[in-house]
Amino acid sequence: IVPCSSVRMLRTASKSLRSAISVRSATSKAHPFTRVPLDQALPGFEKAESSSVSNSTSQKRDPFDAELSTLDNGLKVASAQSHGDFVTIGVAINSGCRFEAEHRKGVSHLLEKLAFGNTPRRSSEEIFAAIDKSSAIIDCQSTRDTTIFAASCHRSGVEEILEIIADAALRPLLLDEEIEYAKQTIAHENAEMRLRIENDPLMADFLHQAAFKSNTVGFSKFTKDEEAEKTTRDDLLKYLRSLHTPARMTVSGVGVSHEQLVGLSRRFFLDSTAPLPDGTPPVDESVAQYTGGEFREQADLSKVGAGTPYPLNAHISLGFEGVGYKDDDFVAISVLQSLLGGGNSFSAGGPGKGMYTRCYVDVLNHHHWMYGCQAFNHSYADAGVFAVNASAPPEGIGYALYVVLDLLLRVPGGVPKDELNRAKTQLKSQLLMNLEVRPVMFEDMARQVMGHGYRKKPWEYMEAIDKLTEADLVRLANRLLSSRPTLVGYGDLKLLQTYEQLDEAVARRDVQLIHPEKKKKIFSFQ
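Going along each chain's sequence as written, the residues are numbered from 1 onward. Owing to the predicted nature of the model, reporting of local features is limited to residues with pLDDT of at least 70; listing and counting of side-chain atom pairs is limited to 80 or more, with chain, interface and lining totals taken over all residues. Working from all heavy atoms in the structure, the side-chain values ignore hydrogens and water.

**A closer look at the overall build of the chain**
Alright, step 1. The helix and strand inventory of the chain stands at 19 helices and 12 strands.
Alright, step 2. When each of the 526 residues of the chain is scored for burial, the buried share is 48%.
Alright, step 3. Accessible area for the chain stands at about 26,600 Å²; split by element, carbon and sulfur atoms hold 53% of it. Put simply, DSSP H or I for four residues or longer makes a helix, DSSP E for two residues or longer makes a strand, and each gets a number counted from the N terminus. Exposure categories follow from relative accessible area, calculated using a 1.4 Å probe and restricted to protein chains: below 20% of the type maximum is buried, above 50% is exposed, and the middle band is partly exposed. Accessibility throughout is a Shrake-Rupley quantity obtained with a 1.4 Å probe, and a residue counts as covered only by protein chains that appear here.

What follows is the structure, given as structure tokens:
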């Protein structure tokens, strides 16, 4: 039952709405511009021309131009222009788990968790207050070969934020209570990581441990609980003083003038005057050695995604020796990853999301019981590993490996022109769209300068992508398949083939050698 007053209000509102619609209709009739198609000029503006500019400003500046400087202590400084009131600044360090051969394993991960703690200049509370004042977002991330301290902040706070970054990278106090808290954080994250539905970081870590057994990028990126407990402040200082030096750093800034960035870098990024702790080993500059091999972890994954309806899956990763980012085939392997693509069965999207890639069209579209299938490429300065991950119910994990190997063995058979062009176009669009984001521009510039010695522009990669032919892709696929395979298994692996069976199938290029027995019995639900 609606009160009478409410009925009157509804009638009044309805009448007002009809009047507004009538006025809008009359207005639209009075303005013919609303009926002109967007691809035609407005009446009276057919001969309009854009305003001309003088020759001094007519030349457009390449947004990917970078100014570079190298200071006396070896520190590299790179900057690029960007519009707006906010900037991204930071430092990339040639540091990571690949350099832990002579150090306590997992020390780089522990240092990442200790970032932005107390320093000689500021307490952690003062650091957070400065971050808040500059509306900054600040973070530290370590990969296998690089550690990055970075922040996005208002340009008025550049000096203070860069000083905080320099102190965090070079001069942390590493108080006992901070170290203990970091160890507790790592123990929690290690436990939580194995309960996540998406386990790509864990599978990537297993893949590297198997592909580069006991060397460089094959060291685990994550600190094991037992290693964390053994790690002392002295272990942290040895690693920090050995690898976190200006000569191994690249300060980068997007939206900051080069003159300002160089001046601040001279002030803040100074060589440490403190002596190295006793027993500090030299930096291990060993070249990564691909070994191939396997890593299996039999695990009960029934608790994964607790509280959320989720299928019980086992996971595999099939990898081969890839290429480094300085290799002539780096662009080719990037196109191959784009060609295979993939994702999960429940991914939403369209052609731009990769639904026309082979992992979708040839795998997930034909094998509804597989949860996911996706290609990954990991490239470093001197090595790389290329892999395809797949997830399936434990009773089908052996057949999932069969499907993935079949997918890879079919690449040397050739790639249709339209499929190759689609993969190349998608790779180019992803490259350019990612570089529209200022923090990505910052990291790209820092990594390029650190790896190549200069800013390699996207146009160079796009030109190389356009020149890539089917023959190049077939040659690369044969190069990958000629290496020793890497096999990773995680979950219930009782029905997964042995490594020896896989190795023989790859050597003979015969996927039938790993075809699971009693397929119909295993897949009674098909």
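**Structural notes on the sheet that holds strand E6 (residues 249-254)**
Alright, step 1. Here we have 6 strands laid out as an open sheet, ordered E1-E2-E6-E3-E5-E4, and mixed in their pairing. Two strands bound the open sheet, and with one partner strand each, they are strand E1 (67-70) and strand E4 (137-142). The sheet shows a mean angle of 15 degrees between the axes of neighbouring strands, direction not considered.
Alright, step 2. A strand pair is defined by DSSP finding two or more bridges across the two strands. Bridge count between strand E3 (residues 86-93) and strand E5 (residues 147-154): 8 bridges; the pairing is antiparallel. Within the sheet, the bridge partner assigned to Thr88 lies in E5 and is Ser152. A fitted line through C-alpha atoms represents every axis, and for helices the fit uses only the stretch in contact; the resulting angles, taken between N-to-C directions, go from 0 to 180 degrees.

**What about unusual backbone geometry?**
With the exception of glycine, the majority of residues adopt a negative phi angle, and the majority of peptide bonds are in the trans configuration.
Alright, step 1. One non-glycine residue with positive phi stands out, namely Phe116, at about 65 degrees.
Alright, step 2. The class of Phe116 is buried, set by a relative accessible area of 9%.
Alright, step 3. Despite not being glycine, Arg509 shows a phi value in the positive range, around 55 degrees.
Alright, step 4. Here Arg509 is to be found in the loop between helix H18 (499-508) and helix H19 (519-522).

**Some points on the packing of aromatic side chains**
Alright, step 1. For Phe, Tyr and Trp, rings pair up if their centres lie within 6.5 Å, where Trp contributes its six-membered ring, and each pair is then called stacked (planes under 30 degrees apart), edge-to-face (over 60) or tilted (otherwise). By the definition in use, this model includes 9 aromatic pairs.
Alright, step 2. Here Phe212 and Tyr290 contribute two aromatic rings whose centre-to-centre distance is 5.7 Å and whose plane-to-plane angle is 85 degrees, an arrangement assigned as edge-to-face. Remark: Tyr290 occurs in the loop between helix H10 (258-268) and strand E7 (293-298) and Phe212 occurs in the loop between helix H7 (200-211) and helix H8 (225-230); sequence separation between them is 78 residues.
Alright, step 3. Residue class for Tyr290 comes out buried when judged on its relative accessible area of 16%.
Alright, step 4. On the basis of an interplanar angle of 20 degrees and a centroid distance of 5.2 Å, the ring pair of Tyr399 and Tyr402 is categorised as stacked.

**Quick word on helix H17 (residues 470-481)**
Alright, step 1. An expected span of 1.5 Å times one less than the residue number is assigned to each helix. An ideal rise of 1.5 Å per residue puts 16 Å on 12 residues; H17 measures up with 17 Å between its terminal C-alpha atoms.
Alright, step 2. Those residues of H17 that fall on the buried side of the exposure criterion are Leu473, Val474, Leu476, Ala477, Leu480 and Leu481. The arc that holds every buried residue of H17, seen down its axis, measures 160 degrees, which confines them to one face.
Alright, step 3. The contact definition used throughout considers only heavy atoms, calling two residues in contact when any of these lie within 4.5 Å. In this fold, the buried residues of H17 make contact with strand E8 (314-321), helix H11 (330-340), strand E11 (384-392), helix H13 (397-409), helix H14 (417-434) and H18. When we speak of the arc, we mean the arc of directions from the helix axis to the C-beta atoms.

**Overview of the pattern of salt bridges**
Alright, step 1. Salt bridge, as used here, is a side-chain nitrogen of Lys or Arg placed within 4 Å of a carboxyl oxygen of Asp or Glu. The tally for this structure, following the rule as stated, stands at 31 salt bridges.
Alright, step 2. With a closest N to O distance of 2.7 Å, Arg122 and Glu163 form a salt bridge. With Arg122 in the loop between helix H3 (107-113) and helix H4 (124-133) and Glu163 in helix H5 (residues 158-170), this residue pair connects regions lying 41 residues apart in the sequence.
Alright, step 3. With a relative accessible area of 13%, Arg122 lands in the buried category.
Alright, step 4. The salt bridge involving Asp167 is made with Arg171; its shortest N-O contact spans 2.9 Å.
Alright, step 5. You can call Asp167 buried: its relative accessible area is 2%.
Alright, step 6. Counted as one network, the salt bridges with shared partners bring together Arg121, Arg122, Lys133, Glu160, Glu163, Asp167 and Arg171.

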